[in-house]
Amino acid sequence: MSLLRSLRRCLLVRPGSCQLSARGPGPRLPPLQAGLPLLQSPQPRHTFHSASWLSSASSKERLMKLRRKTGYSFVNCKKALETCDGDLKQAESWLHKQAQKEGWSKAARLHGRKTKEGLIGLLQEGDTTVLVEVNCETDFVSRNLKFQQLVQQVARGTLLHCQNLKDQLSTYSKGFLNSSELSELPAGPESEGSLKDQLALAIGKLGENMILKRAAWVKVPAGFYVGSYVHGATHSPSLRNLALGKYGALVVCETAEPTADLGDLGRRLGQHVVGMAPLSVGSLDDEPGGEAETKMLSQPYLLDPSITLGQYVQPHGVAVVDFVRFECGEGGDAADAD
């Protein structure tokens with residue numbers, strides 16, 4: 001019993017630091033070796049068999065290509081290629097399906113969390129211009145390229161929806177899509193499923209609640225022009241001609257003939273709408289108002305308060321007929337938007 005107590009005491013103090021001897025006759029015990037396990041079961045050696053695609057000389061190249069194209073981790077890409085026996089197209093489809101399952105599961109868990117941050121996206125192509133709003137929980141995620149790519153997909157989906165409307169325009173047309181309508185739009189020729197499927201994928205990747213809040217679009221025939229502005233706009237080569245920011249505005253103008261300064265004029269009108277937040281266009285015949293004025297043409301011009309916006313526009317030979325203004329997070333809790 002005293003030997004057992006001594007052994008325990010040596011192990012507790014410092015393994016290998018004590019040299020024990022049995023009392024009475026018997027051989028002297030050798031010193032304990034530090035770090036040597038007292039009991040060690042032999043471990044079986046496993047042999048792993050790689051899938052057939054791994055033996056190919058181009059396996060690493062395929063893995064890298066799948067990683068670059070999808071953005072998923074090397075582990076997931078390797079698993080996808082193993083599952084699909086090295087077929088890139090099938091592996092990409094498998095990855096998206098798995099990510100979508102995870103995304104829908106995560107979206108259900110995160111549903112109801114506040115989404116006050118996000119971005120306004122503006123996309124203009126030909127005679128069509130769209131504004132979209134996508135919300136998330138934090139400003140940190142709104143600066144993530146994957147979130148910005150989601151905004152791009154939503155803007156592109158809205159633009160295609162608008163372009164597919166077969167209407168003969170004699171004047172401009174304007175439309176709005178709420179959250180439910182926006183979510184059901186096709187994601188476009190480069191992506192599978194609907195925009196709500198792309199939303200689920202983004203939630204799965206970024207781990208925050210998100211919502212496709214709303215969209216607006218304007219189409220114009222000859223004789224009309226759409227001025228646009230996004231406050232604090234950021235542009236990325238990978239996002240093509242999409243402008244992103246926290247505020248956005250579209251201003252519809254009627255003009256007798258195109259002039260060289262229409263682009264600059266439209267941008268200044270958009271700046272005014274963002275800064276002064278009018279509620280209606282009004283008329284050139286309206287009396288000039290003060291800072292509290294809500295009619296656009298009667299408001300003090302943002303860049304020169306000594307004149308009204310109507311007085312600024314009139315010499316340019318254009319007539320302001322309509323506008324759209326988006327402010328990120330406005331209109332109550334974005335998480336409850338429908």
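First things first, this report covers the structure right here in the doc. Note that this is a predicted model, so its numbers are computed, not measured. (Residues numbered from 1 in each chain as written. Predicted model: local features only at pLDDT ≥ 70, side-chain atom pairs only at ≥ 80, totals over all residues. Heavy atoms only, no water.)

Mapped onto the secondary structure, E133 falls in strand β2 (residues 128–136). Aside from chain neighbours lying at most four places away, what touches E133 is L119, I120, I211, L212, K213, R214, F326, E327, C328 and G329. (Helix = DSSP H or I, 4+ residues; strand = E, 2+ residues; numbered from the N terminus. Contact = heavy atoms within 4.5 Å.)

The next thing to look at is the packing of helix α2 (residues 59–70) against helix α3 (residues 74–83). Helix-helix packing is characterised by the crossing angle of the two axes and by the distance between the axes. Closest axis-to-axis distance for the α2/α3 pair is 9 Å, and the angle between their directions is 120°. When the axes of α2 and α3 are compared, the pair comes out oblique. The two elements α2 and α3 meet at a crossing, and its hand is right-handed. Two secondary-structure elements touch here, α2 through R62, L63, M64, L66, R67 and T70 and α3 through F74, C77, K78, A80 and L81. In terms of residue class, the contact of α2 with α3 is built from seven nonpolar, one polar and three charged. (Axes fitted to C-alpha atoms, helices over the stretch in contact; angles between N-to-C directions. Parallel < 35°, antiparallel > 145°, perpendicular 65-115°, else oblique. Left-handed = near helix turned anticlockwise from the far one by under 90°. Nonpolar A, V, L, I, M, F, W, Y, C, P; charged D, E, K, R; others polar.)

At a minimum axis distance of 10 Å, the contact between helix α6 (residues 145–163) and helix α8 (residues 195–206) shows a crossing angle of 175°. Here α8 runs roughly antiparallel to α6, going by the angle between their axes. Here α6 contributes K146, F147, L150, Q153 and V154 to the contact with α8, which in turn contributes L195, Q198, L199, A202, K205 and L206.

Our next topic: the environment of L262. One can find L262 in helix α9 (residues 262–276). Judged by its relative accessible area of 7%, L262 is buried. Separated by 54 residues in sequence, L262 and H316 place their C-alpha atoms 8.7 Å apart. For L262, the residues in contact, after removing those within four places along its chain, are Y225, T255 and V318. (Buried < 20%, exposed > 50% of the residue type's maximum accessible area, 1.4 Å probe, protein only.)

A rise of 1.5 Å per residue sets the reference length of α6, with its 19 residues, at 27 Å; its end C-alpha atoms lie 26 Å apart and thus fit the reference within 8%. Those residues of α6 that sit buried are F147, Q148, L150, V151, Q152, V154, A155, G157, T158, L159 and C162. Looking at where α6 begins, the residue whose side-chain oxygen comes 2.8 Å from the main-chain nitrogen of K146 is N144. (Expected span 1.5 Å × (residues − 1). Polar contact = N/O pair within 3.5 Å; in protein donor to acceptor, adjacent residues only side chain to side chain.)

What follows covers the side chain of S142. Within the element layout of this structure, S142 appears in helix α5 (residues 139–142). Note on S142: relative accessible area 2%, which makes it buried. With sequence-adjacent residues up to four places away left out, S142 is seen in contact with G118, L119, C136, F147, Q148 and K246.

Another aspect to go through is unusual backbone geometry. Within the chain, A277 stands out as a residue other than glycine whose phi angle is a positive 50°. Mapping A277 onto the fold places it in the loop between α9 and β8 (300–301).

Another point: the nonpolar core. Of all hydrophobic cores here, the largest spans 30 residues; its most connected members are F147, L150, V154, L182, M210 and L212. Looking at this core, the elements that each hand over two or more residues are β1 (117–125), β2, α6, α8 and β4 (211–219). No other element matches the seven residues that α6 contributes to this core. Sequence-distant contacts of L150, that is, excluding residues within four places in its chain, are made with V134, Q198, L199, A202, M210 and L212. If you look at the next biggest cluster of nonpolar residues, it comprises 19 residues, including Y229, V281, L309 and V318. (Core = buried A, V, L, I, M, F, W, Y, C linked by side-chain atoms within 4.5 Å.)

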